[in-house]
Amino acid sequence: MTPADTLRAAAERLHELADAALGNDRPWRYAKGLPDDSVRTATGWEVVYGQDPANLHYIAAMHPGVGNALAAWLESWTGIEVAEDGPLPEDLRYALTVARELLGSTA
């Protein structure tokens, strides 16, 4: 798979996940509750709940709008033809790392 193919596949996957998420039109928020805290959408949908506030704060920050913006950033690199065995701009290396993580790949 070429670097552009990897970036494109990851962007498509991220768009699919973000667009399918509940309440993707507004930021999510961390909500303190009993017995578990939760992440909720602005319209009241509960996205996830649990005992670890650090995880819940992170999940709330990763609103689908963030996912779509990240996917757009990955897509912005797909028009650049590079050979992966040659020198890569630092930002492109970061983009490929993110793309591979999203695809569950290290190569």
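It should be noted that the structure appears before, not after, this text.
From a predicted model like this one, the values you see are computed outputs, not experimental measurements.

Chemist: Account for the sheet that holds strand E3 (residues 46-50), with residues named and values stated.
Modeler: Taken together, 3 strands build an open sheet; the order of strands is E1-E2-E3 and the sheet is antiparallel. Edge strands, defined here as strands with exactly one partner in the open sheet, are strand E1 (29-31) and E3. Pairs of neighbouring strands in the sheet enclose a mean axial angle of 25°, with direction left out of account. Bridge count between strand E2 (residues 37-40) and E3: 4 bridges; the pairing is antiparallel. Bridging across to E3, aspartate 37 finds its partner in glycine 50. Packing of helix H2 (residues 53-61) onto the sheet brings it into contact with E1, E2 and E3, and relative to E2 it is tilted by some 0°.

Chemist: Before we move on, could you go through the packing of helix H3 (residues 64-76) against helix H4 (residues 90-103) and cite the residues and values that matter?
Modeler: Helix-helix packing is characterised by the crossing angle of the two axes and by the distance between the axes. Relative to each other, H3 and H4 sit at 125°, their axes nearing to 10 Å. Comparing their axes, H4 and H3 come out oblique. Helix-helix and strand crossings are classified by hand; for H3 and H4 the assignment is left-handed. Residues Leu70, Trp73 and Leu74 of H3 form the contact with H4, whose participating residues are Asp91, Tyr94, Ala95, Val98, Ala99 and Leu102. Residues that form the contact of H3 with H4 fall into these classes: 8 nonpolar, no polar and 1 charged.

Chemist: Run through the pattern of salt bridges, naming residues and quoting values.
Modeler: Counted according to the given criterion, the structure contains 3 salt bridges. Put simply, lysine 32 and aspartate 37 hold a salt bridge, and the shortest N to O gap is 3.7 Å.

Chemist: Help me get a handle on the packing of helix H1 (residues 3-20) against H3, residues and values and all.
Modeler: Taken N-terminus to C-terminus, the directions of H1 and H3 make an angle of 165°; their axes are 8 Å apart at the nearest point. Classified by the angle their axes make, H1 and H3 are roughly antiparallel. Judged by the sense of rotation from one axis to the other, the crossing of H1 with H3 is left-handed. Packed against H1, whose contacting residues are Leu7, Ala10, Ala11, Leu14, His15, Ala18 and Asp19, the element H3 presents Pro64, Gly67, Asn68, Leu70, Ala71, Ala72, Leu74 and Glu75 at the interface. Of the residues belonging to the contact of H1 with H3, the class tally is 10 nonpolar, 3 polar and 2 charged.

Rules and cut-offs
- Residues numbered from 1 in each chain as written.
- Predicted model: local features only at pLDDT ≥ 70, side-chain atom pairs only at ≥ 80, totals over all residues.
- Heavy atoms only, no water.
- Pairing = 2+ DSSP bridges.
- Helix = DSSP H or I, 4+ residues; strand = E, 2+ residues; numbered from the N terminus.
- Axes fitted to C-alpha atoms, helices over the stretch in contact; angles between N-to-C directions.
- Contact = heavy atoms within 4.5 Å.
- Parallel < 35°, antiparallel > 145°, perpendicular 65-115°, else oblique.
- Left-handed = near helix turned anticlockwise from the far one by under 90°.
- Nonpolar A, V, L, I, M, F, W, Y, C, P; charged D, E, K, R; others polar.
- Salt bridge = Lys/Arg side-chain N within 4 Å of Asp/Glu carboxyl O.

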